[in-house]
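Fold and contact review
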Amino acid sequence: QVQLVESGGGSVQVGASLRLSCAVSGGALNSHVMAWFRQAPGKERAFVAAISRAGGSPKYAGAVKGRFTISRDYAENTLYLQMDSLKPEDTAVYYCAARGNQITVIHTTRSSYRYWGTGTQVTVSS
């Protein structure tokens, strides 16, 4: 069974940077299309970024493009989300997700992802 564990969240001031990590166990990182989603208080879980199994063609939500970078470290079996120039509107619980074995198409919808972590809190204050 695939298990995803997020870490790296915290409370920072506007303009700061954070790097979120998602440790993958029970499967190889390159077996899955991977993504990050986030859920702000009172809002639905929303797509943030996704990356192919080979690590190419990353896709980003418009609100984070140019500020966030998704990447993989295959040797460490870990997915990352580098977040720069953080804004108060980035405040949310961030979730790591995996589509499933042998699925190659990148999707941006929550229902497209089979495996989920339990989330890590990011809070950005003015």
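Here is a short report on the structure shown in this document.

Calculation rules
- Residues numbered from 1 in each chain as written.
- Predicted model: local features only at pLDDT ≥ 70, side-chain atom pairs only at ≥ 80, totals over all residues.
- Heavy atoms only, no water.
- Helix = DSSP H or I, 4+ residues; strand = E, 2+ residues; numbered from the N terminus.
- Rg over C-alpha atoms; globule rule 2.2 N^0.38 Å.
- Buried < 20%, exposed > 50% of the residue type's maximum accessible area, 1.4 Å probe, protein only.
- Contact = heavy atoms within 4.5 Å.
- Lys, Arg positive; Asp, Glu negative; His and termini not counted.
- Charge placed at Lys NZ, Arg CZ, Asp CG, Glu CD.
- Disulfide = S-S within 2.5 Å.

This part takes up the overall build of the protein chain. When helices and strands are counted, the protein chain shows 0 helices and 11 strands. Taking 126 residues into account, the globule formula puts the C-alpha radius of gyration at 14 Å, and the protein chain, at 13 Å, falls close to it. Across the 126 residues that make up the protein chain, the buried fraction comes to 43%. Taking contacts inside the protein chain between residues at least 6 apart in sequence as the whole, the part at least 24 apart equals 60%. Taking the average location of the 13 positive side-chain charges in the protein chain and that of its 7 negative ones, the two points are 8 Å from each other.

Moving on to the state of the cysteines. Per the counting criterion, the structure on display carries 1 disulfide. There is a disulfide in this structure between cysteine 22 and cysteine 96, and the S-S distance comes to 2.0 Å. Taking the torsion about the sulfur-sulfur bond, which here is approximately -75°, the covalent link between cysteine 22 and cysteine 96 counts as left-handed. You can see cysteine 22 sitting in strand 3 (residues 18–25) and its partner cysteine 96 sitting in strand 9 (residues 92–98), a full 74 residues away along the chain.

For serine 57, which is not glycine, the phi dihedral falls at a positive 50°. Positive phi, close to 50°, is recorded for serine 85, a residue that is not glycine. Examined against the element boundaries, serine 85 turns out to sit in the loop between strand 8 (78–83) and strand 9. Here serine 85 falls in the partly exposed class, since its relative accessible area comes to 41%.

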